[in-house]
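Fold and contact review
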Amino acid sequence: MAGDSILICLIAGWGSALADTREQGEITRFFGDFSLRPVAREDLPTLMEIESQVSPFPWTAKQFSDSIKGHQGVVLVKSDEIVSYLFFYRILDQAELLNIAVAPDFQGHGLGSRLLKYCLDQLREYTQHLHLEVRASNFPAIALYLRNGFKQVGERRGYYRDGDSSEDALLMVFDFHETGSLA
Ligand SMILES: CC(C)(COP(=O)(O)OP(=O)(O)OC[C@H]1O[C@@H](n2cnc3c(N)ncnc32)[C@H](O)[C@@H]1OP(=O)(O)O)[C@@H](O)C(=O)NCCC(=O)NCCS
C-alpha cells in the first residue's frame, strides 16, 4: 500500500509518545486522521453501541464500567467519533487482552492490527505472556492474532453464553520472549 511506509514511521513513535502523554491524562498523538486517548466514563454509550454491532456476545454496561475503572482502556477517535477500542490489564508479568473492536465501517483498514501492536508495545517491557480468549468461529479475530504472533494453547467449552446460545473459546497466548521480536 502506497502510504504504508509513512504510516509505519508514525506508528513507530506512537507507543512511547502515548506513554508520555498518558501521564498528563490526555493522549494527543495523531495517526493520520485518528487520535488515541484513554477511555472515559462518558464513552460508555458509544462503546455499547459499537459492541452491539460487532459481537454476538456483547459486553454488558457493567463489564465496560468495571473495565473503564479497573483496567487500561483506549479509544481511537476520528473527527470526535469513536471508531475503535481496546481494553487490557497486567498483573505482575502476565497480561490479558480483554476486548478489542473496530466499528463495522472502519474494519479492514489496519486499525485492529495497529491497536493490537500498541497493546503489545505497552506491555513488552514488563510482561512475559499476553493471554486472550476468542470465539472459536471468530475467524477475522483469530487471523489477526495468529498474524501478530499469538498461538492457540487451549479451548474452553461453552465459554460464551447468552440465553440458550453458547460458543467455545480458543485460548491464545503471545509469548514476549519467544515472539517479541515479530510484532
Ligand atoms: C477483529 C477486528 C478487531 C480486526 O480489526 P480490523 O481493523 O478489521 O483488522 P485489520 O484491518 O487490522 O486486519 C488485520 C488482520 O486481521 C485479519 N482479518 C481482519 N478482518 C478479516 C476478515 N474479515 N477475514 C479474515 N481475516 C481478517 C487479517 O489477518 C488481517 O490482516 P491482512 O489484512 O494483512 O490479511 C475487527 O474485525 C472487529 O472489531 N471484530 C469484531 C470484534 C471482535 O471480534 N473482537 C475480537 C474479540 S476476541
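None of the values given here were measured: they were computed from a predicted structure.

1. Points about the pairing of strand S4 (residues 81-91)
- Sheet analysis places strand S3 (residues 72-78) next to S4, joined by seven bridges and oriented antiparallel. Across the sheet, residue Val-77 finds its bridge partner in S4, namely Ile-82.
- What sits between the antiparallel neighbours S3 and S4 is a turn of two residues, in which Ser-79 has the positive phi angle 45 degrees.
- As paired strands, S4 and strand S5 (residues 94-102) are joined by eight bridges and run antiparallel to one another. Counterpart to Arg-90 in the pairing with S5 is Ala-95.
- Two successive antiparallel strands, S4 and S5, enclose a turn made up of two residues, where Leu-92 displays a positive phi of approximately 50 degrees.

2. Focus on the site of the ligand
- The immediate surroundings of the ligand are formed by 20 residues, with Gln-107, Gly-112, Ser-113, Pro-140 and Leu-144 found nearest.
- Elements supplying a minimum of two residues to the shell around the ligand: S5, helix H5 (111-123) and helix H6 (139-147).
- Broken down by element, the residue count for the shell around the ligand peaks at six residues, all from H6.
- In terms of residue class, the shell around the ligand is made up of 11 nonpolar, eight polar and one charged.

3. So, the confidence of the model for the chain
- Of all residues in the chain, 81% attain a pLDDT of 70 or more, and the chain-wide mean is 85.
- Note that pLDDT drops below 50 for residues 1-25; the model gives that stretch 21 contacts with residues more than four away or on any other chain.

4. Observations regarding the packing of helix H3 (residues 44-54) against helix H4 (residues 61-70)
- Closest axis-to-axis distance for the H3/H4 pair is 10 Å, and the angle between their directions is 125 degrees. It follows that H3 is oblique to H4 by the angle criterion. For the element pair H3 and H4, the recorded crossing hand is right-handed. On H4, the residues touching Leu-44, Leu-47 and Met-48 of H3 are Ala-61, Phe-64 and Ser-65.
- In terms of residue class, the contact of H3 with H4 is built from five nonpolar, one polar and no charged.

5. What to know about the pairing of strand S8 (residues 165-175)
- The pairing of strand S6 (residues 129-135) with S8 spans seven bridges and is antiparallel. What sits directly across from His-131, in S8, is Val-173.
- From the end of strand S7 (residues 151-162) to the start of S8, which pair antiparallel, there are two residues, and Gly-163 there has a positive phi angle of about 60 degrees.

6. What about the nonpolar core?
- In this structure, Leu-76, Tyr-85, Leu-86, Leu-115, Cys-119 and Leu-130 are the most contacted members of the largest nonpolar core, which totals 36 residues.
- Contributions of two or more residues to this core are made by H3, S3, S4, S5, H5, S6 and S8.
- With residues up to four places along the chain from it excluded, the contact list for Leu-86 reads Gly-73, Val-74, Ile-100, Leu-115 and Cys-119.

7. Some details on the environment of Gly-149
- With respect to the helices and strands, the residue Gly-149 is situated in the loop between H6 and S7.
- For Gly-149, a count of 19 C-beta atoms within 10 Å corresponds to the partly exposed category.
- Expressed as a C-alpha distance, the spacing of Gly-149 and Val-173, which sit 24 residues apart in the sequence, is 8.6 Å.

Scoring rules and cut-offs
- Residues numbered from 1 in each chain as written.
- Predicted model: local features only at pLDDT ≥ 70, side-chain atom pairs only at ≥ 80, totals over all residues.
- Pairing = 2+ DSSP bridges.
- Helix = DSSP H or I, 4+ residues; strand = E, 2+ residues; numbered from the N terminus.
- Near = placed C-beta within 6 Å.
- Nonpolar A, V, L, I, M, F, W, Y, C, P; charged D, E, K, R; others polar.
- pLDDT = per-residue confidence, 0-100.
- Contact = placed C-beta atoms within 7 Å.
- Axes fitted to C-alpha atoms, helices over the stretch in contact; angles between N-to-C directions.
- Parallel < 35°, antiparallel > 145°, perpendicular 65-115°, else oblique.
- Left-handed = near helix turned anticlockwise from the far one by under 90°.
- Core = buried A, V, L, I, M, F, W, Y, C linked by C-beta atoms within 7 Å.
- Buried ≥ 20, exposed ≤ 12 C-beta atoms within 10 Å, placed from the backbone.

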